[in-house]
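# Structural characterization, general
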Amino acid sequence: MGGTAVEKEGLVIPGLHFQVMSAIAVGMGLDDGFFDKHLDVGDNTLRLLHYPAVDSSVFANNANADYGSITLLFQDARGGLQVRSPTGTFVDATPIEGTIVVNAGDLLARWSNDTIRSTIHRVVEPPFKQGPTHPARYSIAYFCNPNFSSFIEALPGTYATEGEKKYPGITSGDYLVQRLTATY
Ligand SMILES: O=C(O)CCC(=O)C(=O)O
Ligand SMILES: [Fe+2]
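The structure reproduced in this document is the subject of the present report. Here the structure is a predicted model, which is why all the values come from computation and not from measurement.

## Let's talk about the coordination of the iron ion (ligand 2)
The coordination sphere of the iron ion (ligand 2), as far as protein atoms go, consists of Asp66 (OD) and His121 (NE2), spread over 2.1 to 2.2 Å. Taken together, the 4 donor atoms coordinating the iron ion (ligand 2) and their angles of 80 to 167 degrees define a geometry best described as square planar. Separated by 55 residues along the polypeptide, Asp66 in the loop between strand E2 (61-64) and strand E3 (70-75) and His121 in strand E7 (residues 121-123) bring together distant segments of the chain. Owing to a relative accessible area of 10%, Asp66 belongs among the buried residues under this scheme.

The structure is reproduced here in structure tokens:
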């Protein structure tokens, strides 16, 4: 065995990506392997985040949704992650040991013809201080995407007529490049 924690996670996380997408497929009335052929390249991104200790009110991360299909988020015990509820209020995604947070991304919303809404989320300072400062926070975000070559259009069962498709089809790669270009 051996290897760093990230290398070990690297073996586990892609399997988790398949499992979560399989559950989503079943939830949408699709075959449990429906998404497999769209995931096998592994066009995913790992981001290691460090939020330094702060002594004043700062928003470390403005509210947004991620761009891809799902994000598998590993957070430490510090807290501060919030997700927006359907009514518009932000609620704490309180860290629970041994669990990960799954956020839906904008491309999954598009793929599902808005049946699944992307998760608007933000990171704020935690509710407690250690002495004069709010402690540092570490998290790992694994951004999952369909294969860049996959053509993303409204999934079967999410529309009755062609006119009910809310978005034109686009390849995953083109979509993500568009979003990233608009950001940077
Ligand atoms: O640090 C977190 O918990 C969230 C990070 C995040 O949402 C992102 O990097 O897109
Ligand atoms: Fe995010």
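## Notes on the nonpolar core
Of all hydrophobic cores here, the largest spans 23 residues; its most connected members are Met21, Ile24, Phe35, Ile70, Leu72, Leu108 and Trp111. Sorting the residues of this core by element identifies helix H1 (5-27), E3, helix H2 (106-111), strand E8 (137-144) and helix H3 (172-183) as the ones contributing at least two each. In terms of residue count, the dominant contributor to this core is H1 (5 residues). Contact partners of Met21, with chain neighbours within four places excluded, come to Phe35, Leu39, Ile70, Leu108 and Trp111.

The rules behind these values
Residues numbered from 1 in each chain as written. Chains lettered and ligands numbered in written order. Predicted model: local features only at pLDDT ≥ 70, side-chain atom pairs only at ≥ 80, totals over all residues. Heavy atoms only, no water. Donors = N, O, S within 2.8 Å, 3.2 Å for Na, K, Ca; no water. Tetrahedral: all angles 85-135°; square planar, octahedral: opposite > 155°, others 65-115°. Helix = DSSP H or I, 4+ residues; strand = E, 2+ residues; numbered from the N terminus. Buried < 20%, exposed > 50% of the residue type's maximum accessible area, 1.4 Å probe, protein only. Core = buried A, V, L, I, M, F, W, Y, C linked by side-chain atoms within 4.5 Å. Contact = heavy atoms within 4.5 Å.

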